[in-house]
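Next come the chains, spelled out residue by residue.
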Amino acid sequence: MRELLTLGRMLAVHARLHGERMGARDLERTLDFATWNARSRRLANALLGLGLGKGDRVAVLAYNCLEWAELYAATAKAGLVIVPINFRLVADEIRYVVEHAEAAALVVQDELLGAVEPVSAELSVPATRRIHFGRSPCPAGWRSYEDLIARAADREPEIEVALADPWTLMYTSGTTGRPKGVLRSHGAAVLLALVTEIELALHRRDTALLVMPMCHANSLNFFGSFAYCGGGTFVYSRRSFDPEHCLRTLAEGGVTFTSLVPTQYVMLLEVPAAVRGRLDLRRVEKLMISSAPARAETKLATMELFASAGLFELYGSSEAGWVTMLHPEEQLAKLGTVGRECVGSAPVKLLDEQRREVPDGEVGELFSCTPYTFDRYWRNPEKTAEAFEGAWCSVGDMARRDPDGYIVLVDRKSNMIISGGENIYPSEVEAVLARHPAVQDVAVIGLPDPLWGERVHAVLVLKPGATIEERAFLDWARPQLAGYKRPRSLTVLSEAEMPRTATGKIQHRALRDRLARAAGRTTGP
């Protein structure tokens, strides 16, 4: 039996069937399927013409832009492995990813050349395979992206690419140390696309606004899903998230779907009511909220703002792909859960420290078994072995299962606080503290304590114009939490000071390290 087509080959199918339709765009440019496919196959041939061979890694450092659609498609066609680099990384972190991935080529957007320059001499990628794109002229020591495309052959590459071949090597955000390279195959991408199309009932008429970074698994997976089924992909190419502009784009850009993190939905909800009232959001049919815990009040307000849209929530990871999905008709009955297993996945296992299954209602480490689980961590067999229990995979999340089989995320295993021998999950405390009228966002961490081992410490971001008095806040929280869960101290940060990953997740470890080093910035009761 013939295999399913890879994304690279599927793009050629869409170019033949409806080449004139919009395939990919950003805020400045649009490519129909025929042009997108032609430029992608030229780019694929150009990369192979530089001496790259099947399986070689191509590292890419860029903000959200249309070139991502070409680079993902070109590497798929050429049998190359794309290594997306988080544009928020500093020079040494970029060097680590490029060198650890053993990248054979490096593609950098003009605006990010400065991030590479401090470590340029330490990179093993030869100058002949350093590729530049952007508005500025190509600098010395780099190859021009557009020149390479213009000079390459306009035909599909003569490379046999199988579903088992690797396609993406995505480095995790590294909240617990050096990032790990997650290697995924073409087959995993195709199966994930098909499952997404089933779960979300996608159609060729749908268009996704991809707001989250294109270097992140969320946007990559939705990009693959819409591209595979022949829908449109609209890359939100602002350097930073502008809630009013994003809301206008959703209203005026022909968009039917978007995926945002909870913080971004909160920011949309804070756009002045007078502005929101002038926008027609009825075309938006589907919304996804994911990548960080979503509070009930945020979801309810989002459903009110987008009255014509169904709100989905998913739980997943770079390693496992989508694990569970909560559908619009389940939102009100199952607020606080992340749904049940996606189509094609085996039942989630919740295991204790001895890797024995815990009863429903008890907290355990979540292990998933999806048909598109990653192959391995690149050059890290020890961590690969730790992640698997047979065919089941864990990324260190703790959860419990309710009587109806719905999964409730509790916290990251690494975020757990142990105070006086009691296990405390920060997300549980955060959900309570977030209800204070002055609080916009909150993180709860454990700080060293000579008596209890760790004490609960709250880190707050306040709403614009709000103020808070520490004693009054701690007194407010006292009756709502068990004694051992109550915060004993707090710190107030601005939104810009709160450390986050590329997808908006608060980096609890970075907060712990910072506040432990600068104890003078925290105060106790």
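What you see is a predicted model; the values in this text were computed from it and never measured. (Residues numbered from 1 in each chain as written. Predicted model: local features only at pLDDT ≥ 70, side-chain atom pairs only at ≥ 80, totals over all residues. Heavy atoms only, no water.)

A.B. asks: I'd love a proper account of the side chain of Ser219, names of residues and values included.
C.D. replies: Tracing the sequence through the fold places Ser219 in helix α8 (residues 217-229). Judged by relative accessible area, which is 1%, Ser219 ranks as buried. (Helix = DSSP H or I, 4+ residues; strand = E, 2+ residues; numbered from the N terminus. Buried < 20%, exposed > 50% of the residue type's maximum accessible area, 1.4 Å probe, protein only.)

A.B. asks: Outline the pattern of salt bridges, supporting the account with residue identities and numerical values.
C.D. replies: Scanning the model with the defined rule gives 37 salt bridges in all. Here Arg356 ties to Asp352 by a salt bridge, and the two come within 3.1 Å at their closest N and O atoms. Measuring nitrogen to oxygen at the nearest pair gives 2.7 Å for the salt bridge that ties Arg500 to Asp441. With Arg500 in the loop between β28 (489-493) and α16 (508-517) and Asp441 in strand β26 (residues 439-449), this pair connects stretches of sequence that are 59 residues apart. Neither residue differs from the other here; Arg500 and Asp441 are each classed as buried. Beyond isolated ion pairs, a larger network of salt bridges with shared partners links Arg41, Lys77, Asp154 and Glu156. (Salt bridge = Lys/Arg side-chain N within 4 Å of Asp/Glu carboxyl O.)

A.B. asks: So what about helix α2 (residues 33-49)? Which residues, and what values?
C.D. replies: Taking 1.5 Å per residue, 17 residues should reach 24 Å; α2 reaches 24 Å between its end C-alpha atoms and fits that length. Looking at the residues trailing α2, positive phi occurs at Gly51, about 100°. (Expected span 1.5 Å × (residues − 1).)

A.B. asks: Describe the environment of Phe87, with residues and values.
C.D. replies: For Phe87, the position within the fold is in the loop between β4 (81-85) and α4 (91-100). Overall, Phe87 belongs to the buried group, its relative accessible area being 14%. Excluding residues within four positions of it along the chain, Phe87 makes contact with Leu61, Ala62, Tyr63, Leu112, Pro213 and Cys215. (Contact = heavy atoms within 4.5 Å.)

A.B. asks: Let's hear about the sheet that holds strand β10 (residues 207-210): which residues, and what values?
C.D. replies: Ordered by their spatial adjacency, nine strands build an open sheet running β2-β1-β11-β10-β12-β13-β14-β15-β16, and the pairing between neighbours is mixed. Two strands in the sheet have a free side with no partner beyond their single neighbour: β2 (30-32) and β16 (340-341). As paired elements, strand β1 (residues 22-25) and β2 share three bridges and run antiparallel to each other. Note that in β2 the partner of Arg25 across the bridge is Thr30. Of the strands in this sheet, β13 (286-289), β14 (310-317) and β15 (321-326) touch helix α12 (residues 296-305), which is tilted by about 140° from β14. (Pairing = 2+ DSSP bridges. Axes fitted to C-alpha atoms, helices over the stretch in contact; angles between N-to-C directions.)

A.B. asks: Can you lay out the nonpolar core for me, pointing to particular residues and giving the numbers?
C.D. replies: Membership of the largest hydrophobic core comes to 89 residues, with the highest contact counts inside it found for Trp36, Trp68, Tyr72, Val98, Leu106, Phe222 and Phe223. Here the element with the most residues in this core is helix α3 (residues 67-78); it accounts for eight residues. Leave out the neighbours within four places in its chain, and Phe222 touches Thr196, Leu200, Leu210, Phe257, Ser259, Met288, Leu314 and Trp322. Counting 25 residues, the second largest nonpolar core, distinct from the first, contains Cys246, Tyr265, Leu287 and Leu311. (Core = buried A, V, L, I, M, F, W, Y, C linked by side-chain atoms within 4.5 Å.)

A.B. asks: Please set out helix α10 (residues 262-269) residue by residue, giving values where relevant.
C.D. replies: Considered for burial, the residues of α10 that qualify are Pro262, Gln264, Tyr265 and Leu268. Seen along its axis, α10 keeps its buried residues to an arc of 160°; they face one direction. Contacts from the buried residues of α10 go to α9 (243-252), β12 (257-260), α11 (273-277), β13 and α12. (Arc of directions from axis to C-beta.)

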